[in-house]
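Spelled out, the chains give:
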Amino acid sequence: MASEHRQKIETIFHTVTVLAAYERKEYLDKVCAESPELRKEIEDLLVQFDIENTTAEKELDSMRGRIIGAYRLIREIGRGGMGAVYLAERADGIFKTKAAVKLIKRGMDTDSILRRFRNERQILAALNHPNIARLLDGGTTDDGLPYFVMEYIDGKPLFEYCDEHHLDIKARLGIFRQVCDAVQETHNIKVVHRDLKPSNILVKKDDLPKLLDFGIAKLLDPELASATVEVTMTQWRMMTPQYASPEQVHGGAISYTSDIYSLGVLLYELVTGAKPYRFSNSAPHEISRVICEQEPLVPSEVKSKKAKGKTFEPEYQIGQDLDKIILKALRKNPSERYQTARELGEDIDRFLENRPVNAQFFTSVANLQTADNKNEKKHSIAILPFKLLNLGQKEDTGGDEYLSLGLADALVTRLSGMQRLLVRPTSSVIRFGENADAFAAGNELGVEFIVEGNIRRVGERIRVTTQLLDVKGNSTRWADKFDENFTDVLELEDTISERVVKSLLPQLTGEEKKRLDKRGTNSPEAYEAYLRGRFFWNQFVPEAFPKAIESFQKAVELDPNYALAYVGIADFYNWACIYGLFPTVVSIPKVYEAATRALEIDDSLGEAYAALGLYYSSISEHETSDKYYRRAIELNPNYGLAHEWMGAGLTGRGLFDEGIKAVKIAEQLDPFSMRAKTLTAWTAYQAHNYDFALAKAREIIELDPNFPQGYLQLGNVLQQLGRFEEALEMARKAVEMMRNSPLPIYNLCFALVGVGQLDEAREIVANLDKTARENFVGNYFLAMSHLAIGETDAAFDYLERAIDEKNHWLLWLGTEPKLDSIRGNERFDKLYERDKGLLPLKPKRAETKSETKKTVAEN
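Computed from a predicted structure; not experimentally measured.

1. Overview of the overall build of the chain
Looking only at helices and strands, the chain has 35 helices and 19 strands in total. The proportion of buried residues among the 859 residues of the chain is 56%. At a minimum sequence separation of 6, the contacts of the chain that also span at least 24 residues come to 63%. Here the chain displays about 37,100 Å² of accessible surface, and carbon together with sulfur accounts for 48% of that area.

And the structure:
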């Protein structure tokens, strides 16, 4: 209780000290209305505070006219937590010049303040940059206090200067670009400024900014770091917390990216006239909460600004590229920001030169909203694959490996229906295998809680030990043991789900309880088949797909009302089309049939709506497709596939920024999914953002060198960059790793032609044609292969057939860079017009269950 009382006093006192005298009484009347004793304590502290400040001010007033070194103090021009800065002139008559002299005020000369002051002086001595105020001299006063002399900057604070001169976006960014250079210079000597704010950036009449005040800078040089004092609660007022990074306000590790965040705040306010956050008061805990938890509004949504009491309408449109730059700088996670001020400056250069920026649009997963929980904070959780303790005894397990991932996957699906939980998808946890450290995995996945467990099979019984771990607290929330008959695995899923949810969400709504209690099936055999299907599906490689569909079909045979198994079937046929395993005209009706059957059984399955969204996207019914994707996300905001597929559809229609935004949300939801990263790389490639696509493709390979899509995506991008030798190497790897798929072959043909090996490319196309006469090969793949070797007429013929085939790949007919060579051709224009005018293969799905039954019966 004593610590809470002290914290309350500190909070109120901090707020009162920044209020005007007339505001103090009103504030204290409000917060201390029921506690006269508390008010007395605050008022006693304020008396001492005012006495100290009055004494310091009188001392500083008495400094005017004093000689400090070779300079005479003229007047005070600035004041901070440690002391004041004076305008001074040369007093020894050798030459005339003005300077700024910084002094410590009496009473502030503690060891830590003196050390900080000398650090600042040493930092300035090490810096020599046109955008940083220069150190001219330094020394010690007659009474033993250190001082230093800087060049005098006759300028205005950053925002004031820009507003007074009515600068447009180009001029404002031109000034800010120089500030980035100044900050980069400080980082070059291993210094973090830590107090970047408008008043510490003065701009001279020639649009030249000067960076000032290294009073709380941090030295990262190991030899000097011990001399740097950390910012604690008692030093809070030395910095301006509204411009501080999340790690600064909550006491985390400080790095160069802390300054990048502050630059982001400055840039946001510079172009919008508004701060990125709204604080209900200036108490430290409120500022810390907002900065660490809230996301800023998208800058382009901030319409106007106030300057000197007048409404100031910027003479520019901010636009989405500048949104991307600012929001990247403002990411909560330091690793997601620009890593250097130089990178930030270079992206601003790209914006000013009308080139694509490297930053991608960012929307925080934590702030995803649904109709039911707009103001509700979500708990984040991941379920790791269960460890099979007797996995080595393969003759005894009978292929029970599927239980490890299958049970975890079933729990993911069950818990994802709880909209107050943010659940990492199975594709992100699959990489954390037998020897994974659960707490390390939790930190890597960025979640608050982890479910982990062990499974041991003993005859017809399975013994499971499960625990819920608090990642931040490095502790166990609960642990339990279960010993069930093998036929009671369904009971096991029920019990674990209930324990997890009720631990995190003690008060469930009626709808939440209904979702939690809902089983997909009551048949243990169907459940086992479904788990096996999900085990193979999550491997997400072509050779595993047939095993997945076999298991899903067995599940619906055993239980014809197993809705999730029908979703598995729909997903299989969607992806079978994409990988070219079956003709689209065969697969697409099966997608529609399975997905609508799933919704007939359970119309609350977001996964089924997403599958139908991809179906309608593939037949160019884009408005209907968007409607199903939005419904899927509304029902299950955690379902990354819905965001991925919606992003693909938007990109194919040329809506690149919206498409990138959607796939980035998918990747945030599913941070270690190779599929999500592949689609992000592909979307960037379709948007002609090759730098970003290249980086994402390399990231895929780095995370999993055995995932073939990484090489396929990398080869794609390298071709567009003209790096054909490297592209050929990647294409050959992709073909080697995807031997049974025609997907990578046409990319190999383009790469071969790029290096001049046309004969080999022609031979590959001839073999592909021969294969197509005996087995199914997608007409789109054949079209692209013939286009690679310059056979344009054949390419058009196959594209015509691809339209008849209703091929998924035609989604990107208008954006695929490899089609640029025939874009503008009259035949292509007619082809494109025909593609976008396709009629659906099936009627649009009915809106009610009764109508759905009728529609399915008719078809």
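So that's the structure; there's more coming.
2. Quick look at the packing of helix α8 (residues 256–272) against helix α10 (residues 319–329)
Relative to each other, α8 and α10 sit at 145°, their axes nearing to 7 Å. With respect to the hand of their crossing, α8 and α10 are arranged in left-handed fashion. For the pair α8 and α10, contact is made by Ile 260, Tyr 261, Gly 264, Leu 267, Tyr 268 and Val 271 and by Leu 322, Ile 325, Ile 326 and Ala 329, respectively. A per-class count over the contact of α8 with α10 returns nine nonpolar, one polar and no charged.

3. Observations concerning helix α33 (residues 792–805)
The end-to-end C-alpha distance of α33, which contains 14 residues, comes to 19 Å, matching closely the 20 Å that a straight helix rising 1.5 Å per residue would cover. Restricting attention to buried positions, one finds in α33 the residues Ala 795, Phe 796, Tyr 798, Leu 799, Ala 802, Ile 803 and Glu 805. Where α33 ends, the next residue or the one after it, Lys 806, has phi of about 60°, a positive value.

4. Regarding the sheet that holds strand β3 (residues 83–90)
With antiparallel pairing, six strands are arranged side by side in an open sheet as β1-β2-β3-β4-β6-β5. A single partner strand is all that each edge strand has here, and the edge strands are β1 (67–68) and β5 (135–140). As judged from the two bridges shared by β1 and strand β2 (residues 71–79), these two strands associate in the antiparallel manner. When the sheet's bridge partners are listed, Ile 67 is paired in β2 with Arg 72.

5. Topic: the sheet that holds strand β7 (residues 156–157)
Hydrogen bonds between backbone atoms are what pair the strands of a sheet, whose relative direction is either parallel or antiparallel. With antiparallel pairing, three strands are arranged side by side in an open sheet as β7-β9-β10. What marks the edges here is a single partner per strand, and that holds for β7 and β10 (209–211). Sitting on the sheet, helix α6 (residues 169–188) touches β9 (201–203) and β10, and the angle it makes with β10 is about 25°.

6. Side note on the pairing of β5
Of the strand pairs in this sheet, β5 and strand β6 (residues 146–151) are connected by five bridges, and their pairing is antiparallel. Within β6, the residue paired with Gly 138 across the bridge is Phe 148. What sits between β5 and β6 in their antiparallel hairpin is a turn of five residues, with Gly 144 showing a positive phi close to 85°.

7. Overview of empty space enclosed by the protein
Tallying each qualifying case throughout the model produces six cavities of 30 Å³ or more. As a volume, the largest cavity reaches approximately 380 Å³. Around the largest cavity, the lining comprises 26 residues; the ones closest to its centre are Trp 575, Ile 578, Leu 679, Trp 809 and Trp 812. Put simply, the parts of the chain that give the lining of the largest cavity at least two residues each are α20 (563–578), α22 (606–618), α24 (640–652), α26 (674–686), α28 (708–720) and α30 (745–754). Taken together, the residues that form the lining of the largest cavity break down as 16 nonpolar, eight polar and two charged.

8. Some thoughts on the confidence of the model for the chain
On average, residues of the chain score 80 in pLDDT, and 81% of them reach the 70 mark or higher. Note that residues 223–237 has pLDDT below 50 and, in this model, 33 contacts with residues that lie over four places away or in other chains. Every residue in residues 303–315 scores below 50 in pLDDT, and together they form 26 contacts with partners more than four places removed in sequence or on other chains.

9. Quick notes on unusual backbone geometry
For His 166, which is not a glycine, the phi torsion comes out positive at approximately 50°. The residue His 166 is located in the loop between α5 (158–164) and α6 in this model. Exposure remark for His 166: the relative accessible area of 48% places this residue in the partly exposed category. Non-glycine residue Asn 354 carries a positive phi angle of around 60°. In this fold, Asn 354 is placed in the loop between α11 (341–352) and β14 (379–383). Using a relative accessible area of 74% as the deciding quantity, one classes Asn 354 as exposed.

10. Some points on the pattern of salt bridges
Oppositely charged side chains may form a pair once their charged atoms are brought near each other. Within the structure shown, the criterion is met by 38 salt bridges. A salt bridge links Glu 247 to Arg 337; the nearest nitrogen and oxygen atoms lie 2.8 Å apart. Placement of Glu 247 in helix α7 (residues 246–249) and of Arg 337 in the loop between α10 and α11 is noted, with a sequence separation of 90 residues between them. This pair shows no difference in class: Glu 247 is buried, exactly as Arg 337 is. Salt bridges linked by common partners bring Lys 664, Glu 667, Lys 677, Lys 696 and Glu 699 together as one network.

11. A short note on helix α25 (residues 656–669)
For α25, with 14 residues, the first-to-last C-alpha span of 20 Å sits near the 20 Å given by 1.5 Å per residue. The buried fraction of α25 amounts to 10 of the 14 residues, a majority that puts the element mostly inside the structure. Here α25 has its buried residues at Gly 659, Ile 660, Ala 662, Val 663, Lys 664, Ile 665, Ala 666, Glu 667, Gln 668 and Leu 669. Here the buried face of α25 lies against β16 (421–423), α24, α26 and α27 (690–703).

12. Observations regarding the side chain of Glu 607
As for its placement among the helices and strands, Glu 607 is situated in helix α22. The charged side chain of Glu 607 is buried without a salt bridge, its nearest counter-charge being Arg 534 at 7.5 Å. In contact with Glu 607, other than residues within four places in its own chain, are Thr 413, Val 567, Asn 636 and Tyr 639.

13. Quick look at the packing of helix α32 (residues 779–788) against α33
It is at 8 Å that the axes of α32 and α33 come closest, and there the two elements cross at 165°. Taken as axis vectors, α32 and α33 run roughly antiparallel relative to one another. With respect to the hand of their crossing, α32 and α33 are arranged in left-handed fashion. Where α32 approaches α33, its residues Asn 779, Tyr 780, Leu 782, Ala 783, His 786 and Leu 787 are matched on the opposing element by Ala 794, Ala 795, Tyr 798, Leu 799, Arg 801, Ala 802 and Glu 805. Tallied by class, residues from the contact of α32 with α33 come to nine nonpolar, two polar and two charged.

Cut-offs applied
- Residues numbered from 1 in each chain as written.
- Predicted model: local features only at pLDDT ≥ 70, side-chain atom pairs only at ≥ 80, totals over all residues.
- Heavy atoms only, no water.
- Helix = DSSP H or I, 4+ residues; strand = E, 2+ residues; numbered from the N terminus.
- Buried < 20%, exposed > 50% of the residue type's maximum accessible area, 1.4 Å probe, protein only.
- Contact = heavy atoms within 4.5 Å.
- Areas by Shrake-Rupley, 256 points an atom, 1.4 Å probe, with all protein chains shown as cover.
- Axes fitted to C-alpha atoms, helices over the stretch in contact; angles between N-to-C directions.
- Left-handed = near helix turned anticlockwise from the far one by under 90°.
- Nonpolar A, V, L, I, M, F, W, Y, C, P; charged D, E, K, R; others polar.
- Expected span 1.5 Å × (residues − 1).
- Pairing = 2+ DSSP bridges.
- 1 Å grid on protein atoms, 1.4 Å probe; cavity = no way out; pocket = protein on both sides within 12 Å on 5 of 7 lines; lining within 4 Å.
- Points joined across faces, edges and corners; volume = space filled by probe spheres on them.
- pLDDT = per-residue confidence, 0-100.
- Salt bridge = Lys/Arg side-chain N within 4 Å of Asp/Glu carboxyl O.
- Lys, Arg positive; Asp, Glu negative; His and termini not counted.
- Parallel < 35°, antiparallel > 145°, perpendicular 65-115°, else oblique.

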